[in-house]
Amino acid sequence: MTGPERDPHATNDPTDQAAAGSPVDRPEDEPVAGQPRRSGLRNPEAAVRGLGAGTLGLEALVLLLAIQPVRVVGGDLSGAAIGVVVALAVAAIVLAGMMRRPWAWNVGTVLQGLLMLGGLLHWSLLGLGIIFALVWAYALHVRRVILG
């Protein structure tokens, strides 16, 4: 750095800056004692809600789009299994709109378990359930990291 952004008279020794009365530079991601760690987002709660709603919306879309290929390839997808898939997709859409509620994350976890239980009706529902349970677990991890 040889341009105007570098002060030729400045030193890199933090003890000299502290002795001169100027604040010591601290990394941005280091929390100040007594204050919660900031995520850097303007509205972290809204970002996390969007992540949960987007995950559930994607899950509903994949469930609805998977009905026909599973019927054709799997062959034995019964009417009950199709009804379960449609019911889970509708539940995911409704739940995506309710992510402001504190209980919605727990119900989303239950929804993933119900999808895996759908594997009793058809093996492909178990596969989708495992995939979306992993995606949901990652969303829960991101929520915990951002909101603390």
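Scroll up to find the structure.
Draft legend 1. Main features of the overall build of the protein chain. Within the protein chain, the secondary structure is distributed over five helices and zero strands. Written out in order from the N terminus, the α and β elements of the protein chain read α-α-α-α-α. A burial count over the protein chain gives 24% of its 148 residues as buried. Long-range pairs, those at least 24 residues apart, make up 61% of the contacts in the protein chain with a sequence separation of at least 6. Put simply, the protein chain shows about 10,000 Å² of open surface, and 63% of that area lies on carbon and sulfur atoms.

Draft legend 2. Region of interest: the packing of helix H4 (residues 104–117) against helix H5 (residues 123–147). With their axes 7 Å apart at the nearest point, H4 and H5 run at an angle of 160° to one another. The angle between the axes of H4 and H5 places the two elements in the roughly antiparallel class. Regarding H4 and H5, the two cross each other, and that crossing is left-handed. Listed contacts from H5 to Trp105, Gly108, Thr109, Gln112, Leu115 and Met116 of H4 are Leu125, Leu126, Leu128, Gly129, Ile130, Phe132, Ala133, Trp136, Ala139, Leu140 and Arg143. Across the contact of H4 with H5, the residue classes tally to twelve nonpolar, four polar and one charged.

Quick notes on the rules
Residues numbered from 1 in each chain as written. Predicted model: local features only at pLDDT ≥ 70, side-chain atom pairs only at ≥ 80, totals over all residues. Heavy atoms only, no water. Helix = DSSP H or I, 4+ residues; strand = E, 2+ residues; numbered from the N terminus. Buried < 20%, exposed > 50% of the residue type's maximum accessible area, 1.4 Å probe, protein only. Contact = heavy atoms within 4.5 Å. Areas by Shrake-Rupley, 256 points an atom, 1.4 Å probe, with all protein chains shown as cover. Axes fitted to C-alpha atoms, helices over the stretch in contact; angles between N-to-C directions. Parallel < 35°, antiparallel > 145°, perpendicular 65-115°, else oblique. Left-handed = near helix turned anticlockwise from the far one by under 90°. Nonpolar A, V, L, I, M, F, W, Y, C, P; charged D, E, K, R; others polar.

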